[in-house]
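If you want the building blocks of each chain, they are given just below.
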Number of protein chains: 2
Amino acid sequence: MRYHKIPDETIRRLPVYLRGAIHLAQQGVENTSSEHLASLLGVKSWQMRKDFSYFGDFGTPGVGYHLESLIGHINRILRLDAGHRAAVVGAGNLGSALLAFPGFGMYGFEIAAAFDIDKRKIGRTRNGVVIEDVAKLASLSRRKIYMGIIAVPGSAAPEVADALVQAGVKGILNFSPRYIAVPKRVKVITIDIAMDLARLPYYMPAG
Amino acid sequence: MRYHKIPDETIRRLPVYLRGAIHLAQQGVENTSSEHLASLLGVKSWQMRKDFSYFGDFGTPGVGYHLESLIGHINRILRLDAGHRAAVVGAGNLGSALLAFPGFGMYGFEIAAAFDIDKRKIGRTRNGVVIEDVAKLASLSRRKIYMGIIAVPGSAAPEVADALVQAGVKGILNFSPRYIAVPKRVKVITIDIAMDLARLPYYMPAG
């Protein structure tokens, strides 16, 4: 099931709501109001209700949201319910940090493979994942890995992106500062950490 | 000069526009249309014009945006023009990746200090920055460092956040999955890499 004309900003917020709902469910909460969930997350409750309204209404008047159902709904909308295997390319500091990152499991992700060009790293294990030669990227589709994470220096990023596309990857998370050109069938999300930092001074008290 | 009632989503997009404007200016372009700049960035031109309209209008009819002026405007709005010194706490894989990250300079940031608790790391240099004992965080305000980046495991994050607040930091970029409680005068932006990854399957072709 695909949904159309959903604003990207709504899709950006759904994982935030999902995280809040999982957090409450883990504490044993069964139902919650939009006000409570929104205030927990520091978002506006009308905004959250509007975002949910694109997909029908998840709440019950007087009861609020049944958290288990809400989690299921969001997982299905974001297509996280099937689980996803990802490969990280680049086993330097950033790639190693990603391999050790505990937060992917919550969204059904598994970092199932890691690649590097450095012969000294190939064959080593990081967090249970053996680092493979980047020349073996073509094996991804056979291994049902359709997501790639680019954690190489910017100069190597376009080449890695091409190899990932060749290997049948459908989605790329790009940590390099380079623009990544891919065919339309592949989705790229670029994470620019500096850009997140750039929002901070606006909100800091002056003086 | 502070602006009020500006949507957070607008503030989130300003660094994107800034990056695009800097990119064009570096290529020698002097003026550009909102359509060209927006298409380069993969955003909607009406959205960009609306975002700019909160701050007056930066464009000239028939000429478009003078890039140097536009860059100056956005830098002033985001308060990036003064330059900012940041400290990273945690010199593990993520902290080391941040110290080596080339993208901060574009926004006027300098990672001016790094701290760790590990005696084996203290005293070493990463990208020209000496790693100091985390017990010396109190020196930050004297050194005019008002931004902290938390790159420690989640279990240590609340304690590090407290120490940063005590040290007079006004803004925190939090990479840990933990919720960080700080006084209202301190702004926290949490980066959840898994949450960015969680948007990807929605946009990937099915099958």
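Preceding this section is the structure that the text describes.
Residues numbered from 1 in each chain as written. Chains lettered and ligands numbered in written order. Predicted model: local features only at pLDDT ≥ 70, side-chain atom pairs only at ≥ 80, totals over all residues. Heavy atoms only, no water.

A. A look at the environment of Arg-126 of chain A. Residues and elements named next belong to chain A. Within the secondary structure, Arg-126 is located in strand E5 (residues 125-126). Placed 31 residues apart in sequence, Arg-126 and Gly-95 show a C-alpha to C-alpha distance of 9.6 Å. In contact with Arg-126, not counting residues within four places along its chain, are Ala-91, Ser-96, Leu-99 and Ile-131. Within the structure, the side chain of Arg-126 is placed 2.7 Å from the side chain of Ser-96, a separation counted as a polar contact. (Helix = DSSP H or I, 4+ residues; strand = E, 2+ residues; numbered from the N terminus. Contact = heavy atoms within 4.5 Å. Polar contact = N/O pair within 3.5 Å; in protein donor to acceptor, adjacent residues only side chain to side chain.)

B. Representation of the sheet that holds strand E4 (residues 109-116) of chain B within the structure. Residues and elements named next belong to chain B. If you trace the 7 strands from one edge of the open sheet to the other, you get E5-E6-E4-E3-E7-E8-E9, paired in mixed fashion. Each having just a single partner strand, strand E5 (125-126) and strand E9 (187-190) make up the two edges of the open sheet. Two strands pair when backbone bridges link them, and E4 and strand E6 (residues 129-133) are joined in this way by 3 bridges, in the parallel orientation. Bridging across to E6, Ala-114 finds its partner in Ile-131. Relative to the sheet, helix H6 (residues 157-166) contacts strand E3 (84-89), strand E7 (147-150) and strand E8 (171-174), its axis offset from that of E7 by approximately 170°. (Pairing = 2+ DSSP bridges. Axes fitted to C-alpha atoms, helices over the stretch in contact; angles between N-to-C directions.)

C. Representation of the interface of chain B and chain A in the model. Contacts between chain B and chain A engage 54 residues on the former and 54 residues on the latter. Of the charged contacts, one joins Glu-9 of chain B and Arg-13 of chain A as a salt bridge, the two residues approaching to 3.0 Å between their closest N and O atoms. One can count 8 residue pairs in polar contact (both at pLDDT 80 or more) joining chain B with chain A. Listed by contribution, the elements that provide at least two residues to the side of chain B that touches chain A are helix H1 (8-26), helix H5 (93-100), E7, E8, E9, helix H7 (193-197) and helix H8 (200-203) of chain B. Counting residues per element, the side of chain B that touches chain A draws most heavily on H1 of chain B, at 8 residues. (Salt bridge = Lys/Arg side-chain N within 4 Å of Asp/Glu carboxyl O.)

D. Structural context of the pattern of salt bridges. Inspection of the entire model under this criterion finds 22 salt bridges over all chains. Arg-49 of chain A serves as the salt-bridge partner of Glu-35 of chain A, at 3.2 Å between the closest nitrogen and oxygen. Of this pair, Glu-35 of chain A sits in helix H2 (residues 34-41) while Arg-49 of chain A sits in helix H3 (residues 45-53), and the two are 14 residues apart along the sequence. On the accessibility criterion, Glu-35 of chain A (46% relative accessible area) is partly exposed. One salt bridge in this structure joins Arg-13 of chain B and Asp-51 of chain B, with 2.7 Å as the shortest N-O distance. Remark: Asp-51 of chain B occurs in helix H3 (residues 45-53) and Arg-13 of chain B occurs in helix H1; sequence separation between them is 38 residues. (Buried < 20%, exposed > 50% of the residue type's maximum accessible area, 1.4 Å probe, protein only.)

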